[in-house]
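Notes for the structure review
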Amino acid sequence: MNPGTQIILSGTLTFGVPLALAVRDLIVLRRPSGGQWRPEPPEPVAPPPSGGGGSARPALPECLLIAARGEPLPASSHSLELV
């Protein structure tokens, strides 16, 4: 092979192929017409509650209300059996 041909082919492989791939990527990844970035996606909408009921919440049990206030729970009438 002629030395000049070898130099041209070596330079093409070293610089030409990566340059051609870079140009191809730039063409493929081109911005849409107008030169603007894509707009921000809209905020997600919360789905409605399951069960089809209204937005009213059921009342909390009395034991949770007492515990939230920090009061001691009343003694229950139930006692544990010794086994």
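Quick caveat: nothing in here was measured; it's all calculated off a predicted structure.

Looking only at helices and strands, the protein features two helices and zero strands. Every one of the 83 residues in the protein was classed for burial, and the buried ones make up 1%. For the protein, the computed accessible surface area is about 8600 Å², with 65% contributed by carbon and sulfur atoms.

What follows is about the pattern of salt bridges. Where charged atoms of side chains with opposite charge meet at close range, the side chains can pair. Applying the stated criterion across every chain yields a total of two salt bridges. A salt bridge links Arg24 to Asp25; the shortest N-O distance between them is 3.0 Å. Residue Arg69 pairs with Glu62 through a salt bridge whose shortest N-O separation is 3.9 Å. Its relative accessible area of 51% is what places Arg69 among the exposed residues.

On to a nonpolar patch on the surface, then. Together, Leu13, Val17 and Leu21 make up a nonpolar patch on the protein surface, roughly 290 Å² of accessible area in all. Relative to the elements of secondary structure, Val17 occurs in helix H1 (residues 3-28). For Val17, a relative accessible area of 38% gives the class partly exposed.

Rules and cut-offs
Residues numbered from 1 in each chain as written. Predicted model: local features only at pLDDT ≥ 70, side-chain atom pairs only at ≥ 80, totals over all residues. Heavy atoms only, no water. Helix = DSSP H or I, 4+ residues; strand = E, 2+ residues; numbered from the N terminus. Buried < 20%, exposed > 50% of the residue type's maximum accessible area, 1.4 Å probe, protein only. Areas by Shrake-Rupley, 256 points an atom, 1.4 Å probe, with all protein chains shown as cover. Salt bridge = Lys/Arg side-chain N within 4 Å of Asp/Glu carboxyl O. Patch = residues over 30% accessible without salt bridge, like charges linked within 9 Å, V, L, I, M, F, W, Y side chains within 5 Å.

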